[in-house]
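Close look at the chain arrangement
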Protein chains: 2
Amino acid sequence: MSNIRHALNIKREDDFAAWYQEVISAADMAEDSGVRGCMVIKPWGYGIWERIQRLMDDRIKAAGVQNCYFPIFIPLANFEREAAHVEGFAKEMAVVTHHRLISDGKGGLIPDPEAKLEEPLVVRPTSETIIGDAMARWIQSWRDLPLLTNQWANVVRWEMRTRMFLRTSEFLWQEGHTAHADREDALKETHRALEMYRACAEEDLALPVVTGEKPENERFPGAVETWSIEAMMQDGKALQAGTSHYLGTNFAHAAGIKYQDREGTEQYCHTTSWGVSTRMVGGVIMTHGDDDGLRVPPRIAPHQIVILPMLREQPEDEALLAYCEEVRAGLASQGACGEPIRVLLDSRPGKAAAKRWDWVRKGAPLIVEVGPRDMEGGKVALLRRDRLWNTDNGKPNFAFTERAEFLSKAGGLLEEIQQGMFDEAAGRRDANITRGVTSMDEVAAFYDGSSKYPGWLEVQWSKPTGAALDKVVEQLKAHKLTIRNVPRDAESADGACIFTGEPAVERILIARAY
Amino acid sequence: MSNIRHALNIKREDDFAAWYQEVISAADMAEDSGVRGCMVIKPWGYGIWERIQRLMDDRIKAAGVQNCYFPIFIPLANFEREAAHVEGFAKEMAVVTHHRLISDGKGGLIPDPEAKLEEPLVVRPTSETIIGDAMARWIQSWRDLPLLTNQWANVVRWEMRTRMFLRTSEFLWQEGHTAHADREDALKETHRALEMYRACAEEDLALPVVTGEKPENERFPGAVETWSIEAMMQDGKALQAGTSHYLGTNFAHAAGIKYQDREGTEQYCHTTSWGVSTRMVGGVIMTHGDDDGLRVPPRIAPHQIVILPMLREQPEDEALLAYCEEVRAGLASQGACGEPIRVLLDSRPGKAAAKRWDWVRKGAPLIVEVGPRDMEGGKVALLRRDRLWNTDNGKPNFAFTERAEFLSKAGGLLEEIQQGMFDEAAGRRDANITRGVTSMDEVAAFYDGSSKYPGWLEVQWSKPTGAALDKVVEQLKAHKLTIRNVPRDAESADGACIFTGEPAVERILIARAY
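Fair warning: this is a prediction, and the values are worked out from it, not measured in the lab. (Residues numbered from 1 in each chain as written. Chains lettered and ligands numbered in written order. Predicted model: local features only at pLDDT ≥ 70, side-chain atom pairs only at ≥ 80, totals over all residues. Heavy atoms only, no water.)

**Overview of the layout of surface pockets**
All names here are of chain A. Considered as a void within the structure, the second largest pocket measures approximately 2000 Å³ in volume. As for the second largest pocket, its lining consists of 50 residues, and the residues nearest its centre are Glu159, Arg167, Gln240, Arg279 and Tyr514. Those elements giving two or more residues to the lining of the second largest pocket turn out to be α4 (83-89), β10 (170-180), β13 (238-246), β16 (270-277), α14 (466-477) and β28 (482-483). Tallied by class, residues from the lining of the second largest pocket come to 17 nonpolar, 16 polar and 17 charged. Taken domain by domain, the lining of the second largest pocket gets at least three of its residues from each of domain 1 (16-94 + 125-288) and domain 3 (433-511). (1 Å grid on protein atoms, 1.4 Å probe; cavity = no way out; pocket = protein on both sides within 12 Å on 5 of 7 lines; lining within 4 Å. Points joined across faces, edges and corners; volume = space filled by probe spheres on them. Helix = DSSP H or I, 4+ residues; strand = E, 2+ residues; numbered from the N terminus. Nonpolar A, V, L, I, M, F, W, Y, C, P; charged D, E, K, R; others polar. Domains from an automatic or database assignment.)

**Side note on the side chain of Gln418(B)**
Residues and elements named next belong to chain B. Mapped onto the secondary structure, Gln418 falls in helix α12 (residues 403-431). Within the local environment of Gln418, its side chain forms a polar contact with the backbone oxygen of Asp204, the two atoms lying 3.1 Å apart. With near-sequence residues (within four places) excluded, Gln418 lies in contact with Glu203, Asp204, Leu205, Ala206, Pro297, Pro298 and Arg299. (Polar contact = N/O pair within 3.5 Å; in protein donor to acceptor, adjacent residues only side chain to side chain. Contact = heavy atoms within 4.5 Å.)

**Some points on the sheet that holds strand β20 (residues 343-345) of chain A**
Residues and elements named next belong to chain A. Strands sit in the order β20-β17-β21-β22-β25 across an open sheet of five strands; the sheet is mixed. For this open sheet the edge positions go to β20 and β25 (399-402), each flanked by a neighbour on one side alone. The sheet shows a mean angle of 25° between the axes of neighbouring strands, direction not considered. With four bridges joining them, strand β21 (residues 366-370) and strand β22 (residues 379-384) adopt antiparallel strand pairing. Across the sheet, the residue bridging to Val368 is Leu382, located in β22. Contacts from helix α9 (residues 317-332) reach β17 (305-309), β20, β21 and β22, with the element oriented near 170° to β17. Its contacts with the sheet put helix α12 (residues 403-431) on β17, β21, β22 and β25, and the angle it makes with β25 is roughly 125°. (Pairing = 2+ DSSP bridges. Axes fitted to C-alpha atoms, helices over the stretch in contact; angles between N-to-C directions.)

**A short note on the packing of α9(A) against α12(A)**
Residue and element names in this part refer to chain A. The N-to-C vectors of α9 and α12 enclose an angle of 25°; their axes lie 9 Å apart at closest approach. Overall, the two elements α9 and α12 adopt an arrangement that is roughly parallel. Considering only the axes of α9 and α12, their crossing is right-handed. Counted together, Tyr323, Glu326, Val327, Gly330 and Leu331 of α9 and Arg403, Phe406, Leu407 and Ala410 of α12 form the full contact between these two elements. (Parallel < 35°, antiparallel > 145°, perpendicular 65-115°, else oblique. Left-handed = near helix turned anticlockwise from the far one by under 90°.)

**Things to note about the pairing of strand β13 (residues 238-246) of chain B**
Working note: regular strand, side chains alternate between the two faces of the sheet. All names here are of chain B. Of all nine residues in β13, eight are buried, a share of seventy percent or more. Sheet analysis places strand β12 (residues 225-232) next to β13, joined by eight bridges and oriented antiparallel. Bridged to Glu225 within β13 is Tyr246. Connecting the antiparallel pair β12 and β13 is a turn made up of five residues, with Gly236 showing a positive phi of about 80°. The pairing of β13 with strand β16 (residues 270-277) spans four bridges and is antiparallel. Bridge pairing links His245 to Ser273 in β16. (Buried < 20%, exposed > 50% of the residue type's maximum accessible area, 1.4 Å probe, protein only.)

**Examining the environment of Leu481(B)**
All names here are of chain B. Looking at the element boundaries, Leu481 is found in the loop between α14 (466-477) and β28 (482-483). Judged by relative accessible area, Leu481 falls into the buried class, the value being 2%. The sequence separation of Leu481 and Pro302 amounts to 179 residues, and the corresponding C-alpha distance is 36 Å. Discounting chain neighbours no more than four positions away, the residues touching Leu481 are Val443, Tyr447, Leu476, Ile510, Ala511 and Arg512.

**Brief notes about the relation of the copies chain A and chain B**
Mapping chain A onto chain B calls for a rotation angle of 180° and an axial translation of 0.0 Å; the resulting RMSD is 0.0 Å. On the angle and the small slide along the axis, the relation comes out as a two-fold axis. Ranked by how close their C-alpha atoms come to the rotation axis, the residues of chain A are headed by Val96(A), at 2.1 Å. Most of the interface of chain A is mirrored in chain B, where 100% of its interface residues are also at the interface. (Least-squares fit on C-alpha atoms with pLDDT ≥ 70 in both.)

**Focus on the pattern of salt bridges**
As a working rule, side chains carrying opposite charge can pair if their charged atoms are close by. Under the counting rule described, the total for this entry stands at 84 salt bridges over all chains. In this structure, the salt-bridge partner of Arg198(B) is Glu195(B), at a minimum N-O distance of 2.8 Å. Residue Arg198(B) and its partner Glu195(B) are both found in helix α6 (residues 183-204); the two are separated by three residues, about one turn of the helix. By relative accessible area, Glu195(B) is classed as partly exposed at 31%. Because the salt bridges share partners, they merge into one network encompassing Glu195(A), Arg198(A), Glu202(A), Arg429(A), Asp430(A), Arg488(A) and Asp489(A). (Salt bridge = Lys/Arg side-chain N within 4 Å of Asp/Glu carboxyl O.)

**Digging into the interface of chain A and chain B**
Each partner contributes to the interface: chain A provides 59 residues, whereas chain B provides 59 residues. Summed over the shared surface of chain A and chain B, the number is six salt bridges. Here Arg100(B) makes a salt bridge to Glu92(A), at a shortest N to O gap of 2.6 Å. On the surface where chain A and chain B come into contact, there are 32 residue pairs in polar contact (both at pLDDT 80 or more). At six residues, helix α2 (residues 43-62) of chain A tops the list of elements feeding residues into the side of chain A that touches chain B. The residue inventory of the side of chain A that touches chain B, partitioned by class, reads 36 nonpolar, nine polar and 14 charged. Here strand β5 (residues 95-98) of chain A pairs with strand β5 (residues 95-98) of chain B via three bridges, running antiparallel. Pairing of His98(A) across the sheet is with Val95(B), part of β5(B).

Taken by themselves, the reported measurements are silent on function.
Shown next, in the form of structure tokens:
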């Protein structure tokens, strides 16, 4: 395999962080904007996000949740009234203080001192407090419940260290916000959203995840319970790819979200919130990318199949383009994964080989090259992005296929690729969750040992709280570790807590994380 | 007709502005958020916007324009370098000056003086200057042109007087930004976008528009040419529903958007920008609403058909619901206007008549009521929102229709309603453009006369510029009038300018406007 010349300069095993940046650049997904902490999402990166949006939105709507839009600006008073939430969020936010610019007399512009806002406005870091105001207006009686809303929006959290898609000051997301009559119904919604995220991550993004509850110290500010889906990246680190919160009556008390129950008694609502963001795109890169660039799972690929005619800027090109257009139309009329196949005929000028490597780096699932001889033979040359190389000769693994045969099997092939990508990632995740470690010393040895990508540990603990939990968090932090979640599907505890030695009550996942 | 009891309290003819607010509230489309100048867009209003987005986005993508996402924050320097643009935009914008809040020691929060930004950031009022930076990075050679980008985003313009959907401090829109090798290609794109807007407005929103060029004084800040689509509201006022700008090389010079042409010479790009916003929803209300609420054109209706079973909270309800579900499934499997029919079975508790009026006010195109007797007879009771009243008896105009017949004709019926709404609005527009006025005195008399909704005037002018134009603008302003545009399809001039008496060179539209 040493004779393969990969399409990227940096290999995952050499420098995973640098490789990540190279993929984003080589696949032309995003770039730094020059504005502090903000990125520009370019067409291929945004196209993947649009696909995620579409599929998630279908799931959200199918659950009876209705999309709305709430203001980007939140008055300070909304933060002031919710103490726990402020503590967690009020620190790093963009604050609007003026509503006008004037000339500084030296060719520049300054905020107009005459146009200072009486009360500064915060650019939303999340919208619980402003949507809480609306819920308080909208809900009067038990008949108004449950209230199920969602918005697709940009949010801003002033981040000191940013990394494209994973942590940026501005990012795009959806945030679901729901209100319920009681704890039981709100918890049901919290888990419905969590399960929706699991299904979208695994079925659409081919990201295998572990769903579970976050420990107390990792809860969303103001939440009673926070649940997450955690995905394993190829470097063994964890990525929190979505969260679902049961907020109890905390935000309802702060905003006055009340209803009259069937007996006419006034009650506070129980609320939930849940979100996924453009961070998911980072998870796709670090799960599916390889040393040739990105690989996009078919369900979220803006183009699932790219057809490349081998044009020669000759009159013969016309017949070749017509042949390729027939292939394109034949594919577009067929389905894969329940939708019409998304196919691009890339007839831009340029050499087919150069264009091929562009699409390899972008990770289009299937690349179809067609030259004059293929056309004469009624064939196409098929390159699967998930089986790019012929390891015998170190060359791209083209399969020359009859056109009719290809048309008939393309949809199935895309579904096979989707499933194969999930299986590969799930196998890697399962192989890299280690169990049986029984002390903090072993934890330290496991992570500070020779393994470059040690993966995750599933250990048992006694679920300490308060100061005792703080101590555990400190111990882990010394090794750059965090508790990811308490897996929903883990076996029950049967040993001692690795931190306290007391009888364990549950199992937790420990990992380094993004 | 006097025996009709309309569903709204306020009639259009009594107080059009108050009627507009009542429709928004009665159709549950949006409400004031409590945050200065920002509204909350509720599910029915947002659902209409989502439909507009989807249909416009399809048109944008079909033209080969690629969606991206650019930062919400724009550094001051970007505004400083483009003089004409600053002049038009730098006045009322939200300015971020701090990135952290701290306690004020009295239970409140204040911007942290330690966290003042070195350079304030502006919340984008439009993105020419920040996208210009990206274009300058992305474009090197003629091979990179044209560059066709678009983003769906929120923007903020600090407005003193706001009106829901029509003028809010924050609003949602799409902004297309393109770069071209020369004037000719950029102008072609300017007109392609304009034509796309016309088609979407007329075919999807059933909003008849007049396309034309804005006069010099109404140009977008920094533009060489600004073109618009103007729609006529039922009160005869004009609504600018979309604009397309040819920016010449102005923004290219400011941001350094250059390319090497085929001869190797460095050239500045010619750029364009074009946008439509949530304002269009306001146009739909004021064009199609009536004294019973909103009427939504089928192509942009979140639900095109609403089925209302007459439930009695009895065991018999089950069979009725099953019958309605069959009707729903039968409709959902059919198409209208090139898409599957969007049908809702509204089985919430509550009286069918009360729910009927909810959907009348919201403007669902077709309401289908089904009671036990209808079910037994294999029928449905059909109510067209565009023919709500039986004017003979002042009652809702139900048509009792065989189920099979209804299923077979529902798609065609929706298409007929769409066309009918367009024809009605186009007829009103055409009837309310008055020609033949030849002096400013006549203009004044026309608008200050007895007609409540005088509509638009098409007059001839000599196209004055500079100070002469300013004088015309002042004269019109005295009567609350503006020049809307120079209609693309108007006849050529053949008389004298109504302002200067000089030979006219073209015809312009004059109107009161939103």
